[in-house]
Amino acid sequence: MKKFIEHLVCCFLTWSGLPWLIREVYARRKVTIINYHNPEPDVFEEHVRFYDKNYNFVSIDQVVKSIEKGIFSHLPNKSLLITIDDGYSGNAQLFSTLRKYRIPAVIYAVAGVVGTRRHFWFDQLPHRGQSMRVLKRIPDSDRRMRIRIDYDHWDEKEYDNPVALSNEEICAFADSGGSVGSHTLFHPLLDRCDEEVVLNECIMSRERLEKIIGKPVVHFALPNGNMNQSVLNWVQRTGYRSCRTTFPGWVNCKTSPFLLPNFGIADNANIHKAALQVCGLWSILKRLIDSD
Ligand SMILES: [Zn+2]
């Protein structure tokens, strides 16, 4: 029933013209960054067909360069940057769509998991929402210990099957116009880590990814969006040129490259929901409902 009501609301809002107004007027000269994790290829292609008609795809390098110069005039109207987090093996099935529509997407890869048979720690949790909320509040060393005790999982543990992209797949992505960014080594919640761990996650992840793709890795995305000023300082000091957060919002030439906002797109969103999420309306409504 909840899904049905959500669907009706999405259809109504899509047809209301509000998404058009936001996209064509308010956000016309801004950059929209969106974020996926592990969408099915047919769902992703349906979304991309919509984006292709209504936006202009740009790369993370174009966006960051424009911010650094403070000039947005050479970016197209309604610029859209597609980012994909974690580096799930299923992302390889999106490559043909990315190539077909010439999309310079960025994959923020968890460097210690891609190219291995290791698994993501957050996928071990049976009731992800509730367990995640508890684990988000405790120090990182306690989180690691609890996951080892409760779920028999540790960062370097190898399983029978890989869940992340192989080295060859990441190279193929990077060689066909995609950007590879770092999403740390093992996806800890950085604001819960000691400084030494933060430093290690920033440096080692970049070194490992650079070794895999043979190109500089200068863009970073915060796991789960968790951060504080000290984390941002370390991302900057360890040589990255940008940092993508999970704050909703658009990018303009005054945006800090180390606080890039984005709109999350649900991996299984139907086209109406995706249309609301990409224009920012979904986040605006969510904030209004949550503030009640
Ligand atoms: Zn992530």
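Structure: above.
What you see is a predicted model; the values in this text were computed from it and never measured.

(A) Region of the structure containing the pattern of salt bridges. As enumerated under the stated definition, the model contains 15 salt bridges in all. Linking Glu-24 and Arg-28 is a salt bridge whose minimum nitrogen-to-oxygen distance equals 2.9 Å. Judged by its relative accessible area of 32%, Arg-28 falls in the partly exposed class. Across the pair Arg-241 and Glu-68 runs a salt bridge whose closest N-O atoms are separated by 3.1 Å. Of this pair, Arg-241 sits in the loop between helix H10 (229-237) and strand S7 (242-244) while Glu-68 is found in helix H4 (residues 60-69), placing the two residues 173 residues apart along the sequence. The class of Arg-241 is partly exposed, set by a relative accessible area of 26%. Bridged by salt links that share partners, the residues Asp-140, Arg-143, Arg-144, Asp-155 and Glu-201 form one connected network.

(B) Layout of the pairing of strand S5 (residues 179-182). Because side chains alternate across S5, one face comprises the buried residues Ser-179 and Gly-181, and the other comprises Val-180 and Ser-182, equally buried. Here strand S4 (residues 106-109) pairs with S5 via four bridges, running parallel. Residue pairing across strands places Ile-107 opposite Val-180, the latter belonging to S5.

(C) Region of the structure containing H10. Among the residues making up H10, those that are buried are Val-231, Leu-232, Trp-234 and Val-235. The buried residues of H10 occupy one face: seen down the axis, they fall within an arc of 160°. For H10, exposure combined with an orientation more than 90 degrees from the buried face picks out Gln-229 and Arg-237. Considering only its buried residues, H10 is in contact with helix H9 (195-213), strand S6 (219-221) and S7. Structurally, the start of H10 carries an N-cap: the backbone nitrogen of Ser-230 is 3.2 Å from a side-chain oxygen of Asn-228. In the segment just after H10, Gly-239 is the residue with positive phi, at about 100°.

(D) A look at empty space enclosed by the protein. On inspection of all chains with the given rule, the structure shows one cavity of 30 Å³ or more. In this structure, the largest cavity spans a volume of roughly 40 Å³. Val-113, His-119, Phe-120, Trp-121, His-153, Asp-155, Phe-186 and His-187 are the residues that line the largest cavity. Each residue belonging to the lining of the largest cavity can be placed in one class, and the counts come to four nonpolar, three polar and one charged.

Rules used in this analysis
Residues numbered from 1 in each chain as written. Predicted model: local features only at pLDDT ≥ 70, side-chain atom pairs only at ≥ 80, totals over all residues. Heavy atoms only, no water. Salt bridge = Lys/Arg side-chain N within 4 Å of Asp/Glu carboxyl O. Buried < 20%, exposed > 50% of the residue type's maximum accessible area, 1.4 Å probe, protein only. Helix = DSSP H or I, 4+ residues; strand = E, 2+ residues; numbered from the N terminus. Pairing = 2+ DSSP bridges. Arc of directions from axis to C-beta. Contact = heavy atoms within 4.5 Å. Polar contact = N/O pair within 3.5 Å; in protein donor to acceptor, adjacent residues only side chain to side chain. 1 Å grid on protein atoms, 1.4 Å probe; cavity = no way out; pocket = protein on both sides within 12 Å on 5 of 7 lines; lining within 4 Å. Points joined across faces, edges and corners; volume = space filled by probe spheres on them. Nonpolar A, V, L, I, M, F, W, Y, C, P; charged D, E, K, R; others polar.

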